[in-house]
Amino acid sequence: MEIAAIATVLVVIALSWGVREEVAADDEKYDVVIANGRVMDPESGLDAVRNVGISGGKIRAISANPLAGKTTMDARGLVVAPGFIDLHEHGQEPRNYQFQAHDGVTTSLELERGTADVRGWYAQREGKSLINFGVSIGHIPVRMKVMHDPSTFLPTGDAAHREATAEELAEISADMEKGFREGALAEGMGVNYTAAATHWEIVEMFKIAARYHASVHVHLRYGGLKEPTTGLAALEEVLAAAATTGAPLHVVHITSMGLKYTPELISMVEGAQRHGLDVTTECYPYTAGSTALESAIFDPGWQENMGITYKDVQWAETGERLTAETFEKYRKKGGIAIIHSIPEEAARAAVANPMVMIASDGMPITGSKVHPRGQGTFSRVLGHYVREEKALDLMTALRKMTLMPAQRLEKRAPAFKDKGRIRVGADADITVFDPERVIDKATYADPLEYSQGIQFVFVHGVAVLKDGKLAEGVFPGRAARAPISE
Ligand SMILES: [Zn+2]
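Let me begin by describing the structure that accompanies this report. (Residues numbered from 1 in each chain as written. Predicted model: local features only at pLDDT ≥ 70, side-chain atom pairs only at ≥ 80, totals over all residues. Heavy atoms only, no water.)

## Considerations on the nonpolar core
A general trend in soluble globular proteins is that nonpolar side chains are found buried together. As a reminder, the rule being used: The definition of a nonpolar core used throughout is a set of buried Ala, Val, Leu, Ile, Met, Phe, Trp, Tyr and Cys residues joined through side-chain atoms within 4.5 Å. Only protein chains enter the accessibility calculation, which uses a 1.4 Å probe. A residue is then buried if its area is under 20% of the maximum for its type, exposed if over 50%, and partly exposed in between. Whether two residues are in contact is decided by their heavy atoms, any of which lying within 4.5 Å being enough.
Grouped together as the largest cluster of nonpolar side chains are 99 residues, with contacts concentrated most on Phe206 and Phe433. Sequence-distant contacts of Phe433, that is, excluding residues within four places in its chain, are made with Leu78, Val79, Ala81, Phe84, Leu382, Leu394, Leu398, Val438, Gly453, Ile454 and Gln455. In terms of nonpolar packing, the next biggest core, distinct from the first, is built from 22 residues, Leu46, Ile59, Ile62 and Ala463 among them.

Written out as structure tokens, the structure is:
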């Protein structure tokens, strides 16, 4: 009722540069007003000082004139941007959400590994989450479940090392379908981790995704430098699967798949787009990857596949670089390794490319050490690559972390049409930061440090970060989910 009343008093003003703004014409009081900030919206191109009025969790006004609010936040000197949407974050616990809020993230999505139980995954977080959350139906965990893999996060048994029987493949397919009916946002796939899955099994999975208009978020089969196990050959596999099934393809962390050939892989994604395929990609702004040391990625041949050796692998818990002996010891024990394999030029080429989205690939926090990317990705792009290195401009960077990820998902989940934008009627998921100060503080040595310079973060109009500090006792995060069809 109240919402409709507000809508009737909106006056549309067409500005000289063609940006449409809607302004409240009377003395309506908004729940929250973000005053005097530099509003940047990658969809309309608006980049000007404006006041933003929020009511009922939605953006209700964007105005050059002052707006009255029950609460007003002064954003003078700060950038007011759509909240960042992270397509790739494995850390989906309350502690991760706190780090992500400090990094400007308002929607955190686990789309690569995903889950085997979409309904249960959402139920666990409903009403208890600081920021919005969402998940894919994951080929990795489904295969682990069907093939009784003994591991919990990434496969170490049959799901990694054995071909599926016809019966198992039918069961995997049925579970994937069920996940989509339960509202999975996408299909997750990590062929490198399920190395014994046949090329045909991959095609079968793409066929299912195509039926649900879901993008397939793939960690490629290889990330190596040496034929025939190169990232390029692995990209060919999924490009062919996308082309022949019609499923949209999203290649995750293209830098750790391409390594020094990252520009070539990016050019193939661009070429596929130019020729009409729905293919996108993402990167994180670091020169190291991270995964479980016990996973199939470190099966024999890993040195050649990744173009690295023991000393390039760091045991996260202690920070030590590995030797042949410690590699064997820790692989048996199991745990997180940090892999220093990505050349800086590759990281920079991907971060600077307007077509490559930003996504953290943040890891679950199990001890005191973890890859810093889950805590610092977005601030690192804004502070290091935009401000310090001038590798790309601010609006382009914001587009890569807001509008583009929203557009990636909106075919499958129309709710994303109201995210990633500062637009009247859009969800009030908003990140307000100081462009002169924003920077990541998490490092490989001290990974559990909040980013700096993110001042206010709103999730559905509720401040989860105020003056750079977490708000207590608020859980405005909602399920980011595709329509449920059962
Ligand atoms: Zn991955």
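Back to the text.
## Thoughts on the coordination of the zinc ion
Condition: Listed donor atoms are N, O and S within 2.8 Å of the metal (Na, K and Ca: 3.2 Å). As water is not included, a site may look incomplete. Numbering goes from the N terminus for both helices and strands, where a helix is a DSSP run of H or I of at least four residues and a strand is a run of E of at least two.
The protein atoms donating to the zinc ion are Glu112 (OE), His219 (ND1) and His253 (NE2), with metal-donor distances spanning 1.8 to 2.4 Å. Counting gaps between the donor residues of the zinc ion yields the pattern E-x106-H-x33-H. Linking Glu112 in strand β9 (residues 105–115) with His219 in strand β12 (residues 216–219), this pair joins segments that are 107 residues apart in sequence. Here Glu112 matches His219 in class, with each residue buried.

## Quick look at the sheet that holds strand β14 (residues 279–283)
Put simply, the rule is: Strand pairing is assigned whenever DSSP identifies at least 2 bridges connecting the two strands. To get an axis, a line is fitted to the C-alpha atoms, and for a helix only the part in contact is used. The angle between two axes follows their N-to-C directions and goes from 0 to 180 degrees.
What the eight strands build is an open sheet, ordered β8-β9-β10-β11-β12-β13-β14-β18; its pairing is parallel. Each having just a single partner strand, β8 (84–86) and β18 (356–358) make up the two edges of the open sheet. For this sheet, the mean angle separating the axes of adjacent strands, direction not counted, is 30°. Of the strand pairs in this sheet, β8 and β9 are connected by three bridges, and their pairing is parallel. Across the sheet, residue Asp86 finds its bridge partner in β9, namely Ser108. Sheet strands in contact with helix α3 (residues 118–125) are β9 and β10 (132–138), and its direction is about 165° off that of β10.

## Quick notes on the sheet that holds strand β15 (residues 289–292)
Taken together, the three strands give an open sheet; going across it, the order is β15-β17-β16, and neighbouring strands pair in antiparallel fashion. Each edge of the open sheet is held by one strand with a lone partner, namely β15 and β16 (313–315). Strand-to-strand twist across the sheet, computed as the mean angle between neighbouring axes with direction ignored, equals 30°. Here four bridges tie β15 to strand β17 (residues 336–339), and the two strands are oriented antiparallel to one another. Each residue of the ladder has a partner; that of Thr291, found in β17, is Ala337.

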